[in-house]
Amino acid sequence: MSSSAAHVEGAVDYSTKIPNNVGLADDARVLKALEQWHPGYIDWWMTMGPDGFQTSDVYLRTAISIDPKGWAKFDYVKMPEYRWGILLAPQENERKVNFGAFKGEKAWQEVPGEHRASLRRLVVIQGDTEPASVEQQRHLGKTAPSLYDMRNLFQVNVEEGRHLWAMVYLLHKYFGKDGREEAEGLLQRRSGDVDKPRMLGAFNEATPDWLSFFMFTFFTDRDGKMQLESLAQSGFDPLSRTCRFMLTEEAHHMFVGETGVGRVIERTCAAMKAAGVEDPYDIAKVRALGVIDLPTLQKKANLHFSLSLDLFGSEVSTNAANFYNAGLKGRFMETKIDDDHALTSATYPVLKFIDGQIRMVDEPALTALNMRLRDDYVKDCQGGVSRWNKLIEKAGIKFALTLPSVAFNRHIGEFKDVKASPDGKLLTEAEWAKLQHQWLPSTDDGAFVASLMTPCWDAGKYAGWISAPKVGIDSKPGDFEFVKVHQG
Ligand code: BYC
């Protein structure tokens, strides 16, 4: 039996240097290409991955199968020894192209020639975000508020690394020489670098503290979810299968974000109650308790939400229309939508800036696909924000977090040239300059949050600004040593 038979059962073949369920042992060309890419990746991981923890033993989850129930194996691993691999969801025999001009055709197992450049671009953009986020988060281990949180950070990081591998596999397997060059480029660009920045805006921003990390994993990883859901609809079957498996990992990243912010809220509310502080806007009093005031949480949410909205591109986009028409990138839950899946005559309401006003106008549904995906995203975000508000309500504090207007603090699309308040009121440049720090984190806010970022690495202990989680990872008890740090 060939070793590739393993992937039929959904198990992962560990016999090659690169664990996989795509039969790499029988695909000498791609195996060799990936083995040649491997040292560059490790070099990138050692220089740009988690700073200071490469020899630590981390209680990590590794995928050993793609079976939804049985794929996670937990054990202590040194991160550079993590088995990054190529994992695709199982192939569905009768899968079709489900939307666009080629709807009804058999899903493609090879890249359709005329859409090669578009497809490569989508894969490269997706791939570029993965190492970018690891770079953005590389300093956070040093200020981890607990070993539990540190472990979650590193889990997210190794999985983003694996998502990079997933895209690099597609590039090597399906895009020949230019695919190889793009795979190299993914190791060359750097988050925030002036000369060779990462491709999308939000991935060049700093993640200076743990509150930013939690907001990032809540808001920006959720863009990841929406984009992966859309790519999982792709008529190019290997991309669809790759994204479907990535989505199973993405869920944990958003869990880290939502529960992370939730635990900050719980701790703040508990400290306020214990000290008899009722006014959430009495920032000095709340901060004096060593916890993060709720208005600062709102500012961080405003920042990360608006940066993440930019990741959807322009509301009206011919790129998006072309991707859809070509069967490359669908809508969120495409196959569950009840319409013709061609969108040649449909319209969709789009919020635009017209004659000095923010107005809703109908646009052809095909060009409005970014807007539609963004609407789905906003709904998804709102669910999490409402859950946060329940925590505040339960504590009896009069405060509610809100999502700012989609016109607030934008750098891409309809609203990039206007200034608007979080409630969507248009402002002059002067008003914006005066008021922006009421809505976005100021230098002082940053310095205050930074002042709380002192490491807390005793097993079972948590920094004073965040509460303990309800349950440990892998049902481990509260005092479990999630990371054995061993710093020299
Ligand atoms: N920054 O028609 P337009 C994730 C460019 S996150 C810089 O407006 P389009 C993750 C655009 O490339 C998900 N440039 O937009 C999360 C185009 O350039 P060209 C990542 C931008 O193309 C956390 C021009 O503006 N995956 O996985 O319809 C941790 C006009 O484009 C930006 C994807 O994004 C920006 N924000 O949509 C780890 C999926 N926005 O072609 C991971 C793949 C637009 O004129 N990408 N531009 O040079 C796509 O589907 C689309 O490319 C975009 C943009 C949604 C990003």
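Note that this is a predicted model, so its numbers are computed, not measured.

## What to know about the sheet that holds strand β2 (residues 72-78)
Strand order across the open sheet formed by three strands is β2-β1-β7, with antiparallel pairing between neighbours. Edge positions in the sheet fall to β2 and β7 (483-484), since each has one partner strand and no second. In the sheet, strand β1 (residues 57-63) pairs with β2 via seven bridges, with the strands oriented antiparallel. Across the sheet, T62 pairs through a bridge with K73, a residue of β2. The strands that helix α3 (residues 147-174) touches are β1, β2 and β7; relative to β1, the one it contacts most, it runs at about 45 degrees.

## Notes on the site of the ligand
Within the structure, the ligand sits among 28 residues, and Q126, S314, S317, K329 and N370 are positioned closest to it. In isolation the ligand offers 1,000 Å² of accessible surface; the protein chains occlude 81% of this area. Every element with two or more residues in the shell around the ligand is listed here: α2 (116-136), α5 (210-232) and α9 (318-325). With seven residues, the top contributor of residues to the shell around the ligand is α2. Tallied by class, residues from the shell around the ligand come to nine nonpolar, 12 polar and seven charged.

## Quick notes on the confidence of the model for the protein chain
For the protein chain, the average pLDDT comes to 94, and 97% of its residues sit at 70 or higher. Predicted confidence for residues 1-9 stays below pLDDT 50, and this span has 11 contacts to residues more than four positions away or in other chains.

## Notes on the packing of α2 against α3
A pair of packed helices can be characterised by two numbers: the angle between their axes and the separation between those axes. In the contact formed by α2 and α3, the axes pass within 8 Å of each other and the chain directions differ by 155 degrees. With respect to α3, the axis of α2 lies roughly antiparallel. The way α2 lies across α3 gives a crossing that is left-handed. Here R116, R120, V123, V124, Q126, G127, E130, P131, S133 and V134 of α2 come into contact with α3, specifically with N157, E160, G161, H163, L164, M167, L170, L171 and Y174. In terms of residue class, the contact of α2 with α3 is built from nine nonpolar, six polar and four charged.

## Some details on the packing of aromatic side chains
Under the counting rule described, the total for this entry stands at 36 aromatic pairs. Look at F218 and F219: their rings are 4.7 Å apart centre to centre, the planes differ by 85 degrees, and that puts the pair in the edge-to-face class. Each member of the pair F218 and F219 is classed as buried. A centroid spacing of 5.8 Å and a plane angle of 65 degrees characterise the contact between F219 and F305, whose relative ring orientation is edge-to-face. Taken together, the residues span a long stretch of sequence, with F219 in helix α5 and F305 in helix α8 (residues 294-310) at a distance of 86 residues. One cation-aromatic arrangement involves K484 over Y76; the distance from NZ or CZ to the ring centre is 4.2 Å.

## Quick look at the pattern of salt bridges
The final tally for this structure, using the stated rule, is 32 salt bridges. Between R374 and E315 there is a salt bridge; the shortest N-O distance is 2.8 Å. Taken together, the positions of R374 in helix α10 (residues 369-394) and E315 in the loop between α8 and α9 put the pair 59 residues apart, joining distant regions of the chain. Here K379 ties to D376 by a salt bridge, and the two come within 3.6 Å at their closest N and O atoms. Residue K379 and its partner D376 are located together in helix α10, separated by three residues, close to a single helical turn. Assessed through its relative accessible area of 58%, K379 is described here as exposed. Take D376: its relative accessible area is 16%, and that puts it in the buried class.

About the criteria used
Going along each chain's sequence as written, the residues are numbered from 1 onward. For a predicted model such as this one, the threshold for reporting local features is a pLDDT of at least 70, and the threshold for listing and counting side-chain atom pairs is 80 or more; totals across whole chains, interfaces and linings nevertheless cover every residue. Only heavy atoms go into the side-chain values, all of them from the structure, while hydrogens and water stay out. In this scheme, strands are said to pair when DSSP sees at least two bridges between them. We count a stretch as a helix when DSSP gives it H or I for four or more residues in a row; a strand needs E for two or more, and each element gets its number in order from the N terminus. For this analysis, residues touch if any pair of their heavy atoms sits within 4.5 Å. To define axes, lines are fitted to C-alpha atoms, for helices over the stretch in contact only, and angles between the resulting N-to-C directions are given on a 0 to 180 degree scale. Only heavy atoms are used to decide nearness, and a residue is near a molecule or strand if one of them lies within 4 Å of it. The Shrake-Rupley method, run with a 1.4 Å probe, gives the accessible areas here. Residue values count only the displayed protein chains as cover. For this scheme, ten residues count as nonpolar: Ala, Val, Leu, Ile, Met, Phe, Trp, Tyr, Cys and Pro. Four count as charged, namely Asp, Glu, Lys and Arg, and the remainder, Gly too, count as polar. How sure the predictor is of each residue is captured by pLDDT, a score from 0 to 100. Here the angle decides the label: under 35 degrees means roughly parallel, over 145 means roughly antiparallel, 65 to 115 means roughly perpendicular, and every other value means oblique. By definition, any crossing whose near helix is turned counterclockwise from its far helix by less than a right angle is left-handed, and any crossing with a clockwise turn is right-handed. Between 30 and 60 degrees the pair is tilted, below 30 it is stacked and above 60 it is edge-to-face, where a pair is any two Phe, Tyr or Trp rings, Trp via its six-membered ring, whose centres lie within 6.5 Å. Between buried and exposed lies partly exposed: a residue is buried under 20% and exposed over 50% of the maximum accessible area for its type, with that area taken using a 1.4 Å probe on protein chains only. To sit over a ring, a charge needs its Lys NZ or Arg CZ within 6 Å of the ring centre and within 35 degrees of the ring normal. What counts as a salt bridge is simple: a side-chain nitrogen of Lys or Arg found within 4 Å of a carboxyl oxygen of Asp or Glu.

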